[in-house]
Structure formats: C-alpha cells, structure tokens
Amino acid sequence: MKFASEFRDPKAARALLAAIACRADQIGASREKPVHIMEICGGHTHSIFRYGLDKLVHEGVEFIHGPGCPVCVLPRARIDESIQIARRPAVIFTTFGDAMRVPGRSQSLLQARAAGADIRMVYSPLDALALARKYPERDVVFFGLGFETTTPSTALAIQQAAREGLGNFSVFCNHITVPEPIHALLKDPHMVLDGFIGPGHVSMVIGVHPYDFIARDFQKPLVVAGFEPTDLLQSVLMVLDQIAEGRAEVENQYARVVPDEGNPVSLAAIADVYERRPSFEWRGLGEIDASGLRIRPKYAAFDAEEKFGIGYAVARNPAPEPEGCACGAVMTGRVKPTACPHFGKGCTPEMPLGALMVSSEGACAAYWQYGGARVAAE
C-alpha cells in the first residue's frame, strides 16, 4: 500500500476537511449558496463517491460532475458506425471493455458480437497489433477512444504498424481532447461554475498549461488533482484558497506524477500521427470545434474511416438520445443522475439506456455503485 495508504490517512483527511470548512465559512459558502466545483474527470467522480467526500466536505461545497469520461461522451452515432465496421466480412473489431455495452441506436457492440460479428475485447492497441500479425488475411480494427491519456498508445501502435507494413491493421479514431469542451461549458450562460478540479491522468501527457485559458480568460481557478482522498481534499482546499484570495490560477496538486510541461515523448507521437478535426460530436454537447483528433494523411492506410468509407469520411447520420435520457444534462453538470426519470428504472447497469450507467467512469454508475441504487429504490 506504499504510495497509496499515506494519501488515505484519516488524520490527514480530517485536517483537510477542517481547513476546507474554515475557508468555506470565510467566503460565505453555504448550502443555499454553495461554491460549485466541477471535477472534470470521471475517475475523480468515482473517488469522490467511493470515499464519501461529497458527504464529508462542508455543506457549502458542491461537486459538479463534468464531461471527463471518454466512453460517456461518445455519441450513439459513433457506436452505430463501429458496429457497421464490425459486421463487415473478414473484420476483427477490437475494443476496450468499457465500450462493449454502450448502447447505439439499436444495439451495443456486445449484442452485435452475440449476433455473429467478430468483436474482441483487448487491453491495449498492442493486443490488436498482435491479432493483425496472427491473422494477415483479416482486417483488424482497433476502436481508438479516450482523451489525451490513451491517445499516445494508439499513436505508437499506428507508428509500429507502419514500420512493420501491417496493412491489415487500422484504427477507428475517436480520440478527443479535454480543454475544448470545458471552454464550451464556460461559454454557456446557464452554467454556474466557480472552479475546477483538473484531470490528473490527462495532464500526465499534456501538462498543465493547456488549461491556462480557464484562469486567464474566465477568471476561474483550476487545480490538477490526483485520485486519492487527500489528493481531492487538498485540491478542493486549493480552489477555495484561490477564491478567498481573489486569485485565478492553474495549480498542480499532482506534481508527484504530473510534469507541468507534459510528457514530450507522448506529445511527439501524438503530433506525428494526429491532426485536429474541424469538429467532433460529443454526447450532450453536440459538435465542438477542434475537439477531436483524426489520423494524418501520411498514415491514411491505418485510418478505418477512410478504409471503410464511414463516419466523418462520408455524410454522417447523427443519432439522437433516447427520449427522456438525461445523459447530456448529467455530463454537463446541469442535473444529478438521480434526477433522470430513467435512473434505476429504465436504466440500470444490467440494462443501460445511456452510456453513463455503463462506463467505469460514468457519473450514473458512480451513483448506482456507491449508494444511488438505494436512492432510486426510495
């Protein structure tokens, strides 16, 4: 437990909670007029609920769940397009497990596999590369999804495929970026946000400076945070300190892991393989300019959209959310999961209606796993 237990120390947590309460009282935060702090990352949401931090902090601090779950923000149309690829003859479609049960317009990848498509769960794009070597007569497609955290591994896999000449390997690219949707949220006049807890895993790759606009242009503090209880509590305190002192800066609580300038090897691989899309569709947010990545023309042979003539390579057919589904409102912090009329009724982990109940980083899954199921039953 070394390097974990010290960040779960009850004595340290109590001291941080006391300091948070003091700061919250100092700035006049209350249940009626709380400070709204958005944790961008779904991993942070699960840590908050796992350790009960939402119940332990001062009543004047309210956590707002953000769009930082890459599976959750994937629109239904992209699931439909992945299934279209997977159904093609001689295709082996590979994906991370989180995406298997995300519902598309009519079915999920798991249901498509049950119907006969060759869809396999893998743990990294290297597993997909191994399949491409093993089955040279088959087209092996990797479902590339995730924020900047997972983008480098996919880029390195494409580079390796190019070196080996694995023409039967390609990537259905759904890699997206964090700063752009946050910018869109901050421009929304209906959003009330006082500060942010930034995603630590993303910043391991990109560093902290891509968030500078949040402090510079919108005068909101952001603290890049780790994932243990005291990490999150210290980050909340750092946000409150900035508010109390009239500051708006980007600070790095997770300095033991996150370099301010990011990881140069990862950034170089991303720059070599990818370029910005003009726009990309986000569940609940619609098309956001320059928020997605696509494979550069020099690696077009490994771009599944180009190879199979699907997605943004042709005219797309957007798929609206199911009627009454509140995924978009939950991901943008407008409502809590339990406010969705389907939560725990028409939408459960066994029979999900929306992606937020499926993903291991989804807000609805967090509410369900750590107490929301009891709320739904009341």
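Only a predicted model underlies this, so the values are computations on that prediction, with no experimental measurement involved.

**Side note on the packing of helix α1 (residues 10–26) against helix α11 (residues 229–244)**
And then number 1: The geometry of α1 relative to α11 is characterised by a closest axis approach of 9 Å and an angle of 20 degrees between their N-to-C directions. It follows that α1 is roughly parallel to α11 by the angle criterion. Note on packing geometry: the crossing formed by α1 with α11 is left-handed. Residue-level contacts link Ala 12, Ala 13, Leu 16, Leu 17, Ala 19, Ile 20, Arg 23, Ala 24 and Gln 26 of α1 to Thr 230, Leu 233, Gln 234, Val 236, Leu 237, Leu 240, Asp 241 and Ala 244 of α11.
And then number 2: Of the residues that constitute the contact of α1 with α11, the class distribution is twelve nonpolar, three polar and two charged.

**Description of the nonpolar core**
And then number 1: Ranked by internal contacts, the top residues of the largest apolar core, which has 117 residues, are Ile 85, Phe 93, Phe 143, Ile 158, Phe 169, Phe 196 and Tyr 274.
And then number 2: If we ignore the near neighbours within four places in the chain, the residues touching Phe 143 are Leu 74, Ile 79, Ser 82, Phe 93, Thr 94, Thr 95, Ala 99, Leu 109, Phe 172 and Asn 174.

**So, the state of the cysteines**
And then number 1: Scanning all chains against the criterion turns up one disulfide.
And then number 2: Residue pairing for Cys 69: its cysteine sulfur links by disulfide to Cys 72, the two sulfurs lying 2.5 Å apart. Because the torsion about its S-S bond is 65 degrees, the bridge between Cys 69 and Cys 72 counts as right-handed. Neither Cys 69 nor Cys 72 differs from the other in exposure class; each is buried.
And then number 3: In this model Cys 173 remains outside any disulfide bridge; the closest cysteine sulfur is found in Cys 69, 17 Å from its own.

**Re the packing of aromatic side chains**
And then number 1: Applying the stated criterion to the full structure yields nine aromatic pairs.
And then number 2: Aromatic pair Phe 93 and Phe 143: ring centres 5.5 Å apart, planes at 55 degrees, arrangement tilted. Pair noted here: Phe 93 is in strand β3 (residues 91–95) and Phe 143 is in strand β5 (residues 139–146), with a separation of 50 residues, a long-range link. Each member of the pair, Phe 93 as well as Phe 143, carries the same accessibility label: buried.
And then number 3: Where Phe 143 meets Phe 172, the ring centres are 5.7 Å apart and the plane angle is 25 degrees; that geometry is what we call stacked. With Phe 143 in strand β5 and Phe 172 in strand β6 (residues 169–175), the pair connects residues that are 29 residues apart, well separated along the chain.
And then number 4: The exposure class of Phe 143 is buried, given its relative accessible area of 0%.
And then number 5: Feature note: the residues Phe 93, Phe 143 and Phe 172 constitute an aromatic cluster, connected by ring pairs.
And then number 6: Between Arg 256 and the ring centre of Phe 7, over which it is positioned, the NZ or CZ distance is 3.7 Å.

**Things to note about the pairing of strand β8 (residues 222–225)**
And then number 1: Of the two faces of β8, the one lined by Leu 222 and Val 224 and the one lined by Val 223 and Ala 225 are each fully buried.
And then number 2: Here four bridges tie strand β7 (residues 195–199) to β8, and the two strands are oriented parallel to one another. Within β8, the position partnered with Ile 197 by the bridge is Val 223.
And then number 3: The sheet contact formed by β8 and strand β9 (residues 250–252) spans three bridges and is parallel. Along β9, the bridge assignment pairs Leu 222 with Val 250.
And then number 4: As for the winding sense of the linkage, the β-α-β connection from β8 through α11 to β9 is left-handed.

Criteria and cut-off values
- Residues numbered from 1 in each chain as written.
- Predicted model: local features only at pLDDT ≥ 70, side-chain atom pairs only at ≥ 80, totals over all residues.
- Heavy atoms only, no water.
- Axes fitted to C-alpha atoms, helices over the stretch in contact; angles between N-to-C directions.
- Helix = DSSP H or I, 4+ residues; strand = E, 2+ residues; numbered from the N terminus.
- Parallel < 35°, antiparallel > 145°, perpendicular 65-115°, else oblique.
- Left-handed = near helix turned anticlockwise from the far one by under 90°.
- Contact = heavy atoms within 4.5 Å.
- Nonpolar A, V, L, I, M, F, W, Y, C, P; charged D, E, K, R; others polar.
- Core = buried A, V, L, I, M, F, W, Y, C linked by side-chain atoms within 4.5 Å.
- Buried < 20%, exposed > 50% of the residue type's maximum accessible area, 1.4 Å probe, protein only.
- Disulfide = S-S within 2.5 Å.
- Phe/Tyr/Trp six-rings, centres within 6.5 Å; stacked < 30°, edge-to-face > 60°.
- Lys NZ or Arg CZ within 6 Å of the ring centre and 35° of its normal.
- Pairing = 2+ DSSP bridges.
- Right-handed = clockwise from strand over helix to strand, strands pointing away.

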